[in-house]
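Given next are the chains, with one letter for each unit.
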Amino acid sequence: MERNAAPGVQEDVADLGRPIAYLALAEGTPVLDRERRRIGVVDQVIADLDLDLFHGVVVHTHPLPGRDLYADRDQIAELHECAVLLGVTVDDLHEPGDPGPPRRDDHPRGPETRLEAGLRRAWDRIAGRR
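Here is what the cut-offs are and how they apply
Just so you know, the residues in each chain are numbered from 1, in the order the chain's sequence is written. The model is predicted, so local features are restricted to residues of pLDDT at least 70 and side-chain atom pairs to those at 80 or more, both for listing and for counting; the totals for chains, interfaces and linings are taken over all residues. In computing side-chain values, all of the structure's heavy atoms are included and hydrogens and water are not. Think of it in three bands: residues with accessible area under 20% of the maximum for their type are buried, residues over 50% are exposed, and the middle band is partly exposed, with areas taken using a 1.4 Å probe on protein chains only. Elements are defined by DSSP. Helices are runs of H or I of four residues or more, strands are runs of E of two residues or more, and each kind is numbered from the N terminus. We call two strands paired when DSSP finds no fewer than two bridges between them. Think of pLDDT as the predictor's per-residue confidence, scored from 0 to 100. Residue contacts are defined here by distance: any two heavy atoms, one from each residue, within 4.5 Å place the two residues in contact. Multiplying one less than the number of residues by 1.5 Å gives the expected span of a helix. Among buried residues, those of type Ala, Val, Leu, Ile, Met, Phe, Trp, Tyr and Cys that are joined through side-chain atoms within 4.5 Å constitute a nonpolar core.

### Brief notes about the pairing of strand 3 (residues 53-61)
The buried fraction of strand 3 is high, at seven of nine residues. As defined by bridge partners, strand 2 (residues 38-48) adjoins strand 3 across eight bridges and the pair is classed as antiparallel. Bridge pairing links V42 to V59 in strand 3. Remark: four residues form the turn of the hairpin made by strand 2 and strand 3, two consecutive strands paired antiparallel; D52 in that turn has positive phi of roughly 55°. Here strand 3 pairs with strand 4 (residues 68-72) via five bridges, running antiparallel.

Following this line, the structure appears as structure tokens:
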């Protein structure tokens, strides 16, 4: 069966390679949408290594010059040696955003969780604040 790629999107990559853990995911690895169309490459893996938490990846989209979009771990279906397979389309990804300062203990939603703290630290690294 032959698929027609959207303008500026390359056709799917046939061999994804073996499944891998996020620790083995390299920058520059192709990122495929749920239809297995190449939408970009991994620009950065977002994780808190101290807590061994994988948060997601920053995807630099194609065609060039492209832009950076964020795929959180819930949007990622599989990690492989040769590609990241998303469970969504490029339209479902969002721009990396600033999660803001940590919440105080008297915040209506309570103190910042460990996950929120990890995401805030990851964003600080992306934004060059660390």
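### Overview of the confidence of the model for the protein chain
For the protein chain, the mean per-residue pLDDT works out to 79, and 75% of the residues sit at or above 70. Low pLDDT (under 50) marks residues 1-13, which in the prediction has 20 contacts with non-local residues, meaning those over four places away or in another chain. With pLDDT under 50 throughout, residues 98-102 is counted as low confidence; its partners more than four residues away or in other chains account for nine contacts.

### Observations concerning helix 1 (residues 114-126)
For an α-helix, 3.6 residues make a turn, and residues three or four places apart therefore share a direction. The end-to-end C-alpha separation of helix 1 is 18 Å, in line with the 18 Å expected for 13 residues at 1.5 Å each. Residues of helix 1 that are buried include every one of A117, G118, R120, A122, W123 and D124, and no others. Buried residues along helix 1 sit in contact with strand 2 and strand 3. Once helix 1 ends, the next one or two residues include G128, with phi positive near 75°.

### Side note on the nonpolar core
Ranked by size, the top nonpolar core spans 17 residues in total, and within it V57, I76, V84 and L86 carry the most contacts. Elements supplying a minimum of two residues to this core: strand 2, strand 3, strand 4, strand 5 (76-79) and strand 6 (84-86). Discounting chain neighbours no more than four positions away, the residues touching L86 are V31, L32, D33, R34, I39, A71, Q75, I76, A77 and L93.

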